[in-house]
Amino acid sequence: MHVATGAPLLHAHREMLMDGLKRVFGDFDDTMLERVLPMLEWVQIGGGEALLEQGSQDESLYFVISGRLRAVATAADGTRTVLGEVARGETVGEMAFFTREPRTATVVAVRESVLVRFSRDAFREVLLAYPLVSLNMSRLVIERLKRASVGTAVARPVAIGIAAISADAHALGVASMLQEVLAPAGRCVVIDSAWIDQRLGAGSACVPTTDAAASRRIAHLLEQVESEHEFVLFVADAAATGWTRRCLRHCDEVILVADADAPVERHPIERECLPQGDSGRGEIQQTLLLLHDDAKLSPCGTGRWLAGRTIARHLHVRRGRLKDWQRVGRILSGTAVGLVLSGGGARGFAHLGVLCALEEQGIEVDMVGGTSIGAVMGAFAAMDLPSADVVQRARSAFRSNPTRDFNPVPLLSLIGGARLKHVIDQAVAESCGRDAGIEDLWKPFFCVSSNYSAAREAVHVRGPLARSIRASVSIPGALPPVILGGELHIDGGTFNNFPADVMRRMGAARIVGVNLLRDRNVRYELEEIPGPFSLLRDKLLGRRHRLPSITSLLLNASMMNSYARQKEVQALVDLYFAPDVHRYGMLEWGAFDKVVQAGYAHAQQVLAEAPPAQLASFPSGRRPAEARPLPRAQVSPPANDAGPLAHAA
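Residues numbered from 1 in each chain as written. Predicted model: local features only at pLDDT ≥ 70, side-chain atom pairs only at ≥ 80, totals over all residues. Heavy atoms only, no water.

If you check an unreviewed UniProt entry, the chain appears there as Patatin-like phospholipase family protein from Ramlibacter pallidus. Its UniProt record gives the chain the following Sequence similarities (unreviewed entry) comment, quoted word for word: "Belongs to the NTE family." UniProt, in the comment section headed Subcellular location (unreviewed entry), describes the chain in these words: "Membrane". (UniProt positions renumbered as here; feature names shortened; annotations may be inferred.)

Participant: I keep staring at the overall build of the chain and nothing clicks. Help me out?
Facilitator: Looking only at helices and strands, one finds 24 helices and 23 strands in the chain. The buried share of the chain, reckoned over its 649 residues, is 53%. Here the analysis covers contacts within the chain between residues at least 6 apart in sequence; of these, 78% occur between residues at least 24 apart. (Helix = DSSP H or I, 4+ residues; strand = E, 2+ residues; numbered from the N terminus. Buried < 20%, exposed > 50% of the residue type's maximum accessible area, 1.4 Å probe, protein only. Contact = heavy atoms within 4.5 Å.)

Participant: Would you mind going over the pairing of strand β21 (residues 487-491) with me for this structure?
Facilitator: Within a regular strand, the side chains alternate between the two sheet faces. Bridge count for strand β18 (residues 445-451) against β21 is 3 bridges, and the pairing is antiparallel. Across the sheet, Ser449 pairs through a bridge with Asp491, a residue of β21. Pairing of strand β20 (residues 482-484) with β21, which is carried by 3 bridges, proceeds in the antiparallel orientation. Each residue of the ladder has a partner; that of Leu484, found in β21, is Glu487. (Pairing = 2+ DSSP bridges.)

Participant: It is not clear to me how the environment of Ile415 should be interpreted in this structure. Could you clarify?
Facilitator: Along the chain, the position of Ile415 falls in the loop between α15 (387-397) and α16 (418-431). The exposure class assigned to Ile415 is buried, which follows from its relative accessible area of 4%. Sequence spacing of Ile415 and Ala478 is 63 residues, and the spatial spacing of their C-alpha atoms is 5.5 Å. Those residues in contact with Ile415, other than ones at most four positions away along the chain, are Thr403, Asp405, Phe406, Asn407, Ala478, Leu479 and Pro480.

Participant: Would you take a moment to explain helix α12 (residues 322-333) for this structure?
Facilitator: Relative to the 16 Å expected for 12 residues at 1.5 Å per residue, α12 spans 16 Å between its end C-alpha atoms, a close match to the ideal helical length. For α12, a buried count of 10 out of 12 residues is recorded, marking the element as mostly surrounded by other parts of the structure. Taken together, the buried positions of α12 are occupied by Leu322, Asp324, Trp325, Arg327, Val328, Gly329, Arg330, Ile331, Leu332 and Ser333. Against the buried residues of α12 lie α6 (171-182), β12 (231-235), β13 (253-259), β14 (285-292), β15 (313-318) and β17 (367-371). (Expected span 1.5 Å × (residues − 1).)

Participant: Explanation requested: the packing of helix α13 (residues 350-361) against helix α23 (residues 592-609) in the structure shown.
Facilitator: Angle between the axes and distance between the axes: these two values describe a pair of packed helices. Two numbers describe how α13 lies on α23: the axes approach to 6 Å, and their chain directions differ by 40 degrees. Considering their axes alone, α13 and α23 lie oblique with respect to each other. As α13 packs across α23, the resulting crossing turns out to be right-handed. Mapping the contact onto sequence places Ala350, Leu352, Gly353, Val354, Cys356, Ala357, Leu358, Glu360 and Gln361 in α13 and Phe592, Val595, Val596, Gly599, Tyr600, Ala603, Gln604 and Leu607 in α23. Its residues assigned to classes, the contact of α13 with α23 shows 12 nonpolar, 4 polar and 1 charged. (Axes fitted to C-alpha atoms, helices over the stretch in contact; angles between N-to-C directions. Parallel < 35°, antiparallel > 145°, perpendicular 65-115°, else oblique. Left-handed = near helix turned anticlockwise from the far one by under 90°. Nonpolar A, V, L, I, M, F, W, Y, C, P; charged D, E, K, R; others polar.)

Participant: I keep staring at the environment of Ala427 and nothing clicks. Help me out?
Facilitator: Mapped onto the elements of the fold, Ala427 is located in helix α16. With sequence-adjacent residues up to four places away left out, Ala427 is seen in contact with Phe380 and Ala397.

Participant: Just checking my understanding: could you explain the sheet that holds strand β6 (residues 80-87) for this structure?
Facilitator: What holds strands together in a sheet is hydrogen bonding between their backbones, with the strands either parallel or antiparallel. The strand order across the open sheet built from 4 strands is β3-β8-β5-β6, with neighbouring strands paired in antiparallel fashion. In the strand order of this sheet, the two ends are held by β3 (50-52) and β6, each with one partner. Direction aside, the axes of adjacent strands within the sheet are offset by 30 degrees on average. Here 7 bridges tie strand β5 (residues 68-74) to β6, and the two strands are oriented antiparallel to one another. Bridge pairing in β6 links Thr74 to Arg80.

Participant: Would you explain a nonpolar patch on the surface in this entry?
Facilitator: Together, Val409, Leu411 and Leu412 make up a nonpolar patch on the protein surface, roughly 370 Å² of accessible area in all. Mapped onto the elements of the fold, Val409 is located in the loop between α15 and α16. Taking the relative accessible area as the measure of exposure, Val409 reaches 55% and is therefore exposed. (Patch = residues over 30% accessible without salt bridge, like charges linked within 9 Å, V, L, I, M, F, W, Y side chains within 5 Å. Areas by Shrake-Rupley, 256 points an atom, 1.4 Å probe, with all protein chains shown as cover. Salt bridge = Lys/Arg side-chain N within 4 Å of Asp/Glu carboxyl O.)

Participant: Help me out: how do you make sense of the sheet that holds β15 in this one?
Facilitator: One open sheet accounts for 6 strands, arranged β11-β12-β10-β13-β14-β15; its pairing is parallel. For this open sheet the edge positions go to β11 (188-191) and β15, each flanked by a neighbour on one side alone. With strand direction ignored, the average angle separating the axes of adjacent strands in the sheet is 25 degrees. Sheet strands touched by helix α9 (residues 242-249): β10 (159-164), β11, β12 and β13. Its angle to β12, the strand with the most contacts, is close to 155 degrees.

Participant: What am I meant to see in the nonpolar core here?
Facilitator: Note on soluble globular proteins: their nonpolar side chains tend to be buried together. With 66 residues, the main nonpolar core has Met377 and Phe577 as its most contacted residues. Ignoring anything within four residues of it in the chain, the contact list for Met377 reads Leu341, Gly348, Phe349, His351, Leu352, Ala394 and Phe398. (Core = buried A, V, L, I, M, F, W, Y, C linked by side-chain atoms within 4.5 Å.)

In structure tokens form, the structure reads like this:
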């Protein structure tokens, strides 16, 4: 770590510093900045180097000017948990700075970073001159505690490396497409070795890191470019050259691009330029981008590409489909829209009606997640089919009662589960292939089950699709549990029936949610529950006590925790649907079309009453323009003109 005072301040850096100081201290003008500036220390830290250690008493506050850092907490048993990442313009260490408690996590630089350090002594001087600063300080601490309680999306990357790891995937062509789709989220520039050579002289991009003077020139140029753009796309060479090593080391995130049909093998760039360990401390996040032909119905064999690689996430894109590229752009830029579907038995057909209304409105969904029947309908949505096709496939799958095979000897469950297993397995096989995994869906997808063996929530983002969905729908007592990895899994509604919080952690900026649970506020005009013969007599005489059936009691009792979290989770949703389909039974599979229609009518009403500004904030797919095809052959790079920001979008 290198510390300096009085370092020159770029205009863009000055603006970022001002924004950071205002966020911490409130009103902050140039006069106050001039008073504080001499108290600041500039800190330069290399990738993998620790800025703060867990348990330390460092009471400094840091402002990130450029680069990226990761906070990692280590438990007593040695287990490490990544708490989040900090990007430029954000602060590090304010909790310990304000509370004077030991650091609760180790903060490591993901790549070379520049920060400004603000000491407690300097803070005392500011507080004496500006007493109202303490009020804003309290607000900041409260906001941080709130964010920690619900979980926040990962800070979006600024410097993105792009490296091709198969012969038919060309990094510069991909960078050109990404520059186009990232433009709505901010200024974007593409930098490759030729770009560097043109500005600093032939061969400059590949100078060895031991050449300190040349490295400083490159670093200064990249620092200036990064300060003027929201996104910088670094294009690696086709081989493991000096430039490839340098640019990938300088990135917040590395995108490994491969032709999905190419042989699965590790590329020299992966072996020689990227870390091979697990991503725990300062390793750069790796994303796998698989390119497909436009006519492909469904990805397949994605698990082969993921095996043996340290991949944080994977994305599928058809070369000539603009919507696919736009989805990738929104996910990378942290502006993605997530769709969350709750459990609810046969009432979950209402999800399909909402999907139809969203499609008519033109609202694009980038990521999908669900629990129980919401996992089933969510998987259909993640297949990226027209809503009419989704309805038809679901109608075909559930045309016969999937829970009619009651167990004559209910030792493990009231329902045998063989019919439901056949329905789900057959639907997945017909849509994606017999051995499809969650990773083989066009859109990122997760489903939630409850790990009975470990007594915890389980979020499935990889693994067998059909079996994971069956685990998510296995209502305890009603359906048999499912074994995954040697552990028993039951219905996800036991822990999280409406996983909007999981979707937020996955990185969705806005969430569309469909919740089929209603508020539990039912009162009964009885002192005691009548005996079974009294209940039967009253039923025969037409007297109803509105008591739940044994099936409803089992279903609802398993979701008590989810009922208790209703309001907390709903607060995370930006566009909320709650179709009133409770007149239909949770196992009333024959009411398919009525429930779909009820969901559609409700969604139409919600969308009609929503403020135009709210709907306008969601990406629209009403203009079905297609992208220029991304060819298999190398594309020509954009012309390099004389300006230092020649590739700016």
